[in-house]
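# Fold and contact review
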Amino acid sequence: MYAYRKSMPRLNKHLDDKWVKHCQRLHKQRLKQMKPAIDNKPPPKFVHLAQNLKKQQMDEERYSQIERDNYLLLDKMSYIMTHPQLLDEKYMGPPVTYGKSLNKEYRKRELMRITEENLQILRRIQHKEPYYSHEAWTNDARLSEEYLRNCAEYPICLPSSQLFSRSPPSRVTRTPRARQQREGEEDWG
């Protein structure tokens, strides 16, 4: 019947087959009666999560406060409508206007004084000659570049050299090292 069962010793072949069939029938019966082990039902719904009772209570208190305020306002409006006003303009005259500010003139004079001081400072700033001279800076940069070229062993390509290339190079005394280099180049050439 089963290949693996041939290796097992048995006394009676018919009783053993009957026992195997009985075990299979019990196994099939258990499989039919088996219940799922996984709980896939939805979780229970709790009332305190579905209804926010504290929020409902606060809303009810708020609505009752609004109703009370509306009632008081309506009561006051009805009183105003039913009773004549004694403090009306026709009984009291025009509304009272208060006098002008006593220090208005002082504030105006102070503002004019500050404005005049600011204008004087502006004029002084505009008429002041500049302290720094861009021409002197340009000349210093050109001179520094020439010194750098004199003491360099190889030709230098500076990005600022285009700025100073329009004017003729200034006369600078060459260092002994630059003279030696020129003499060495003449010997080779």
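Keep in mind it's a predicted model, so treat the numbers as computed, not measured.

### Considerations on the overall build of the protein
A count of helical and extended segments in the protein gives eight helices and zero strands. For the protein, the succession of helices and strands along the chain, N to C, is α-α-α-α-α-α-α-α. Taken across its 189 residues, the protein has 6% of its residues classed as buried. Long-range pairs, those at least 24 residues apart, make up 38% of the contacts in the protein between residues at least 6 apart in sequence.

### With respect to a nonpolar patch on the surface
Taken together, the side chains of Tyr131, Tyr132 and Trp137 present a nonpolar region at the surface, about 510 Å² in accessible area. By relative accessible area, Tyr131 is classed as exposed at 76%.

### Examining a positive patch on the surface
Among the surface-exposed residues, Lys100, Lys104, Arg107 and Lys108 lie close enough to one another that they form a single positively charged patch. Relative to the assigned elements, Arg107 resides in helix 5 (residues 104-127). Overall, Arg107 belongs to the partly exposed group, its relative accessible area being 48%.

### Here's the deal with the packing of aromatic side chains
Per the counting criterion, the structure on display carries two aromatic pairs. Between Tyr131 and Tyr132, the ring centres sit 5.1 Å apart and the planes meet at 85 degrees, which makes this aromatic pair edge-to-face. With a centroid separation of 5.6 Å and an interplanar angle of 45 degrees, the aromatic rings of Tyr132 and Trp137 are classed as tilted. Take Tyr132 and Trp137: they sit in the same class, and that class is exposed. Three or more aromatic residues joined by ring pairs form one cluster here, namely Tyr131, Tyr132 and Trp137.

### Observations concerning the confidence of the model for the protein
With 74% of its residues at a pLDDT of at least 70, the protein reaches an overall mean of 80. Within the protein, no element has a lower average pLDDT than helix 7 (residues 161-164), which sits at 49, and none a higher one than helix 5, at 95.

### Examining the pattern of salt bridges
Counting across every chain of the model gives four salt bridges. Arg113 is paired through a salt bridge with Glu110; the nearest N and O atoms lie 2.3 Å apart. Within this pair, Arg113 and its partner Glu110 are both found in helix 5, separated by three residues, close to a single helical turn. A residue is classified by how much of its surface remains accessible, and Arg113, at 39% relative accessible area, is partly exposed. The shortest N-O distance in the salt bridge between Glu145 and Arg149 comes to 2.7 Å. With Glu145 and Arg149 both in helix 6 (residues 134-151), this residue pair falls four residues apart, about one helical turn. Relative accessible area serves as the criterion here: at 7%, Glu145 is assigned to the buried category. Counted as one network, the salt bridges with shared partners bring together Glu110, Arg113 and Glu117.

Calculation rules
Numbers given to residues run from 1 along each chain, matching the order in which its sequence is written. Local features are withheld for residues below a pLDDT of 70 in this predicted model, meaning they are given only at 70 or higher, and side-chain atom pairs are given and counted only at 80 or more; totals for whole chains, interfaces and linings count all residues. To get the side-chain values, all heavy atoms of the structure are used, and hydrogens and water are removed first. What counts as a helix is a DSSP run of H or I of at least four residues, what counts as a strand is a run of E of at least two, and both are numbered from the N terminus. Throughout, exposure labels follow a simple rule: accessible area from a 1.4 Å probe, protein chains only, divided by the maximum for the residue type, with under 20% read as buried, over 50% as exposed, and the rest as partly exposed. The criterion used for residue contact is that any of the two residues' heavy atoms lie within 4.5 Å. A patch consists of residues exposed above 30% relative accessible area that lack any salt bridge, with like charges linked at up to 9 Å and nonpolar side chains (Val, Leu, Ile, Met, Phe, Trp, Tyr) linked at up to 5 Å. Computed by Shrake-Rupley with a 1.4 Å probe, the accessible areas treat only the displayed protein chains as cover when residues are assessed. Salt bridges, as used here, are contacts in which a Lys or Arg side-chain nitrogen is within 4 Å of a carboxyl oxygen on Asp or Glu. By the counting scheme adopted, Arg and Lys are positive, Glu and Asp are negative, and His together with the chain ends is not counted. For charged residues, the charge sits on one atom: NZ in Lys, CZ in Arg, CG in Asp, CD in Glu. To pair, rings of Phe, Tyr and Trp, with the six-membered ring standing in for Trp, must have centres within 6.5 Å; the planes then decide the type, stacked if under 30 degrees apart, edge-to-face if over 60, and tilted in the middle. Per-residue confidence from the predictor is reported as pLDDT, a score between 0 and 100.

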